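As a plain string of letters, each chain reads:
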Amino acid sequence: MPFRPPLAKLVAAFGASLLIAGTAAAQTALDDVMAKKVITIAIPTDFPPYGFVGTDLKPQGLDIDMANLIATKLGVKVELVPVTSANRIPYLQTKKADLVISTLGKNPEREKVIDFTAGYSPFFQAVFGPKTLNVKTPADLTGKSVGVTRGAIEDQELTKIAPSGVDIKRFEDNNVTVSAFVSGQVQLIATGASVAGNMMGKNPQLGTEFKLLLKDSPNFIGVAKGEDKLRLKVNEIIAEAKKAGELDKMAVKWLGRPAGELP
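In this report, the structure presented in the accompanying data block is examined. (Residues numbered from 1 in each chain as written. Predicted model: local features only at pLDDT ≥ 70, side-chain atom pairs only at ≥ 80, totals over all residues. Heavy atoms only, no water.)

### A few points about unusual backbone geometry
Along the chain, Pro-48 connects to Pro-49 via a cis peptide bond; the corresponding omega equals 0°. Mapped onto the fold, Pro-49 is located in the loop between β2 (46-47) and β3 (51-53). For Lys-95, which is not glycine, the phi torsion reads 60° and is therefore positive. Within the secondary structure, Lys-95 sits in the loop between α4 (88-93) and β6 (99-104). (Helix = DSSP H or I, 4+ residues; strand = E, 2+ residues; numbered from the N terminus.)

Encoded structure:
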C-alpha cells in the first residue's frame with residue numbers, strides 16, 4: 001500500500017508553495033512595467049498645486065511632473081489615473097496602479113499595508129508674504145500682521161514661535177484667510193503648501209513668496225507591499241533627480257521653495 005503523508009503535512013507543504021509563489025509574484029511589478037513599456041501612476045486632480053486639471057483639461061502639478069519624470073527615466077509611457085485621498089492606497093493594493101504619487105505622507109498605519117520610496121517633495125506649513133517684506137526669522141514677524149485659519153496646524157505652529165509683538169489675525173476657514181491676505185487686510189499669511197501654491201498661482205501680481213517654515217511633512221511615493229525591485233528603482237531615480245537639482249526645480253516651480261533635505 002503506498003505511503004500517504006498526514007493531512008497536516010500536505011496542508012503545510014501546499015501553504016509553503018503558495019507562499020513561495022506569492023513572494024515571486026510580489027516582485028513582478030517592475031518587470032511587468034518594462035515589458036509593457038507603460039507605468040500606471042495614481043495622481044491627484046483636486047489638490048493644487050500638487051495635482052489639478054488645467055485649462056486644457058489635462059492633469060498638471062508637482063505630482064504629475066514627478067510621475068512624468070519617473071516614466072521618462074524608465075523609458076516607458078505613463079498612464080495617469082486620478083485618485084482621491086480615500087482610494088489612493090486601495091488602488092495600489094488592487095493593482096490598479098503601479099505607483100501612487102499623490103501627496104502621500106508616511107505613517108506607521110500606512111506602512112503596514114503599503115511600502116514607501118524616499119521622499120520626493122516637501123509638504124509643509126509656512127509663513128508667506130510679498131517679496132518686499134523682509135521675514136527670515138520669527139523675530140522678523142514683530143510688528144507685522146499675520147492671517148491664519150483658526151485651529152489649523154499652522155495656527156498651532158505659528159503660536160509656538162511668534163514673538164509677543166505679532167498681530168495674529170485668525171479667520172474661520174482657508175478661503176477667508178486667503179481673501180484677507182489678497183485684499184491687504186493682513187501683511188502675511190500662515191498656511192499650508194497646497195493653499196499657498198494655489199493662491200500664488202491665481203494672484204501672481206502680489207509677488208508672494210515663501211518666508212518662514214513652520215512645519216515640514218514631506219511626501220513619499222507609495223508602492224505595493226513587497227515590490228522591492230520597483231521601490232529601489234524609483235529610489236535610484238529620486239536620488240539622481242535630487243543630485244541633479246530636478247526635485248528643487250519642481251518644488252520652486254509649484255511651491256515657491258526648493259525641496260531641500262528630504263528623508
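Past the structure itself, the notes keep going.
### Looking at the sheet that holds β3
As summarised here, the arrangement of the three strands in space is β2-β3-β4, forming an open sheet in which the pairing is antiparallel. Two strands close off the open sheet at either side, each with one partner strand: β2 and β4 (59-60). Relative to β3, β2 runs antiparallel, the two being bridged by two bridges. Note on β3: the bridge partner recorded for Phe-47 is Gly-51. (Pairing = 2+ DSSP bridges.)

### Things to note about the side chain of Ser-121
Its place among the elements puts Ser-121 in strand β7 (residues 114-121). Once you skip the residues sitting within four places of it in the chain, Ser-121 turns out to touch Tyr-50, Leu-62, Pro-218, Asn-219 and Leu-262. (Contact = heavy atoms within 4.5 Å.)

### Focus: the nonpolar core
By size, the foremost hydrophobic cluster in this structure holds 47 residues, and its most contacted members are Met-66, Ile-70, Leu-99 and Ile-221. Dropping the residues within four chain positions of it, Leu-99 is found in contact with Ile-39, Thr-40, Ile-41, Ala-42, Ile-70, Leu-92, Ile-221, Gly-222, Val-223, Leu-230 and Val-234. Membership of the second largest hydrophobic core comes to 13 residues, among which are Leu-133, Leu-158, Ile-168 and Leu-214. (Core = buried A, V, L, I, M, F, W, Y, C linked by side-chain atoms within 4.5 Å. Buried < 20%, exposed > 50% of the residue type's maximum accessible area, 1.4 Å probe, protein only.)

### Details of helix α9 (residues 228-243)
In a regular helix each residue adds 1.5 Å, so 16 residues correspond to 22 Å; α9 covers 22 Å between its end C-alpha atoms and thus fits that length. Among all positions of α9, only Leu-230, Val-234, Asn-235, Ile-237, Ile-238 and Ala-241 are buried. An end-on view of α9 places all buried positions within 165° of arc, on one side of the element. Buried positions along α9 lie against α2 (29-36), α3 (62-74), β6, β7, β13 (219-224) and α10 (246-255). Gly-245 sits one or two residues past α9 and shows a positive phi near 85°. (Expected span 1.5 Å × (residues − 1). Arc of directions from axis to C-beta.)

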